[in-house]
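# Tertiary structure, described
Here's the letter readout for the chains.
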Amino acid sequence: MKDGRFGFLDQSGQEVIPCQYLWACTFINGQSYTRHGHTILFINPQGDTIFDATGLHLSSVFDKDGLARVETNNMISYMNRDRELVVPLRYRILEPMRHGLRRVVIGSKEGLLNENWEEVIPVEYDNLRADPDGLIIACNNDRCGVIDHTNKVLIPLEYDYIEGFREGEDYT
């Protein structure tokens, strides 16, 4: 930081990107999230703009797949560099789980998206947990059971609680 502005130095202390930003974050995946006036920019290590995020509420840098998390009005989605949402902006929670699945929440109900951002488990469960073997412990109306990633019921939702098993052991 110099004169209240952020820039970047190389390992020898040479200024490689001028101190011109109101703020800037560390480079992650070859990009930094910066603010220059009212403009929000992603820049590369040479200082070139790689994405103009002005007007967007991005809560992450672009990941290795070229996606950034977007949050607006307490709803979450992911966006590509073409400013296209990969999933509708309608989930209160959108977080990764095991086996390429993503847990999503609308209101108080949960569902799952697959790695292609398709809803494979409808948003209708009170609680979903993925176990190490790729099955899903699902609970609704204080009853738990086990489903697979296609929503096929493997163990009926009739138990008070189910704990996942470890690599081939039985459920408890």
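Residues numbered from 1 in each chain as written. Predicted model: local features only at pLDDT ≥ 70, side-chain atom pairs only at ≥ 80, totals over all residues. Heavy atoms only, no water.

## Some details on the nonpolar core
Using the following cut-off: Buried residues of nine kinds, namely Ala, Val, Leu, Ile, Met, Phe, Trp, Tyr and Cys, make up a nonpolar core once their side-chain atoms join them within 4.5 Å. Only protein chains enter the accessibility calculation, which uses a 1.4 Å probe; a residue is then buried when its area is under 20% of its type maximum, exposed when over 50%, and partly exposed in between. Runs of H or I in DSSP of at least four residues are treated as helices and runs of E of at least two as strands, each being numbered from the N terminus. Residues count as neighbours in contact if any of their non-hydrogen atoms are within 4.5 Å of one another.
Within the largest apolar cluster, eleven residues are counted, these being Tyr 33, Ile 40, Phe 42, Phe 51, Ala 53, Leu 58, Val 61, Phe 62, Ala 68, Val 70 and Met 79. Mapped onto this core, the elements with two or more residues apiece are β5 (39-43) and β7 (68-72). Those residues in contact with Tyr 33, other than ones at most four positions away along the chain, are Trp 23, Ala 24, Cys 25, Ile 40, Leu 41, Phe 42, Leu 58 and Val 61. The next biggest cluster of nonpolar side chains, apart from the first, holds nine residues, and it includes Leu 67, Val 87, Tyr 91 and Leu 113.

## Focus on the sheet that holds strand β15 (residues 143-147)
Put simply, the rule is: Following DSSP output, two strands are said to pair if at least two bridges run between them. All axes are obtained by fitting lines to C-alpha atoms, using only the stretch in contact for helices, and the reported angles, taken between N-to-C directions, cover 0 to 180 degrees.
Read across the open sheet, the four strands follow the order β13-β14-β15-β16; overall the sheet is antiparallel. At either margin of the open sheet sits one strand with a lone partner, and together these are β13 (127-130) and β16 (153-159). Strand-to-strand twist of the sheet, defined as the mean angle between neighbouring strand axes without regard to direction, takes the value 15°. Note: strand β14 (residues 136-140) against β15, five bridges, orientation antiparallel. Residue pairing across strands places Asn 140 opposite Arg 143, the latter belonging to β15.

## Some remarks on the layout of surface pockets
Convention followed: Points on a 1 Å grid over protein atoms alone make up a cavity when a 1.4 Å probe fits among them but cannot get out, and a pocket when they form an open set with protein on both sides within 12 Å along at least five of seven lines; lining residues each have an atom within 4 Å of a point. Grid points are joined across faces, edges and corners, and a volume is the space filled by probe spheres set on the points.
When its volume is computed, the largest pocket comes out at roughly 170 Å³. Ranked by residues supplied to the lining of the largest pocket, first place goes to strand β9 (residues 93-96) with three residues.

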